[in-house]
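Take a look at the letters that make up each chain.
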Amino acid sequence: GWPMAKKSSVERELKRERLAKQFAAKRAALKAVIADRETSPEDRNVAVMKLAQLPRNSARIRQRIRCLVSGRPLGVYRKFRLSRIALRELASRGQIPGMVKSSW
C-alpha cells in the first residue's frame, strides 16, 4: 500500500473541516456586516472583534487538501481528492471510471 501520513495530521485536518462547517454561517454573517458600506464604524468594530473571537481553525483558509487514501498533503488533484501516487495506482488498476492511459 501507500505510505500513510501521520494520523494526527489527518485528524487535525478533519477537525478543521468540522469546525469550518460548524462556524460557516456565523463567519459569513459577521463578514457581511464588516463588508457592508452602510455599517457604522462601531458596529463594524464589534463584528471584527466577534470574528476574531471565533476559533482560528474554523476559517476555510486554514484547510489543506489531503489525499483521501493516504492523507498526503502535497501533489493532490482537487478533482479526485487523491494524491498523484494514489491516482496513478488506482487508474492503472482501472478503478477510476473513464480514466485511461494517455498515448499518442
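Because the structure is predicted, anything quoted here is derived from the model rather than measured. (Residues numbered from 1 in each chain as written. Predicted model: local features only at pLDDT ≥ 70, side-chain atom pairs only at ≥ 80, totals over all residues. Heavy atoms only, no water.)

A. Main features of the side chain of Asn57. Within the element layout of this structure, Asn57 appears in the loop between α2 (41–53) and β1 (76–77). Side-chain polar atoms of Asn57 contact the side chain of Arg62, separated by 2.8 Å. In contact with Asn57, other than residues within four places in its own chain, are Arg16, Leu19, Ala20 and Arg62. (Helix = DSSP H or I, 4+ residues; strand = E, 2+ residues; numbered from the N terminus. Polar contact = N/O pair within 3.5 Å; in protein donor to acceptor, adjacent residues only side chain to side chain. Contact = heavy atoms within 4.5 Å.)

B. Inspection of the nonpolar core at higher detail. If you look at the biggest cluster of nonpolar residues, it comprises 7 residues: Cys67, Val76, Leu82, Ala86, Leu87, Leu90 and Ile96. No other element matches the 3 residues that helix α3 (residues 84–92) contributes to this core. One finds Leu19, Leu30, Ala47 and Leu51 within the second-largest nonpolar core, a separate group that totals 6 residues. (Core = buried A, V, L, I, M, F, W, Y, C linked by side-chain atoms within 4.5 Å. Buried < 20%, exposed > 50% of the residue type's maximum accessible area, 1.4 Å probe, protein only.)

C. Layout of the pattern of salt bridges. In the structure shown here, the tally under the stated rule is 5 salt bridges. In this structure, Glu13 engages Arg16 in a salt bridge whose closest nitrogen and oxygen atoms are separated by 3.3 Å. On the criterion of helical spacing, the pair formed by Glu13 and Arg16 is a turn pair, its members being 3 residues apart in helix α1 (residues 7–35). We classify Glu13 as buried; its relative accessible area is 6%. Among the salt bridges present, the one from Arg66 reaches Glu13, with a minimum N-O distance of 3.8 Å. Here Arg66 is found in the loop between α2 and β1, whereas its partner Glu13 is found in helix α1, with 53 residues between them in sequence. Arg66 sits in the buried class, given a relative accessible area of 16%. (Salt bridge = Lys/Arg side-chain N within 4 Å of Asp/Glu carboxyl O.)

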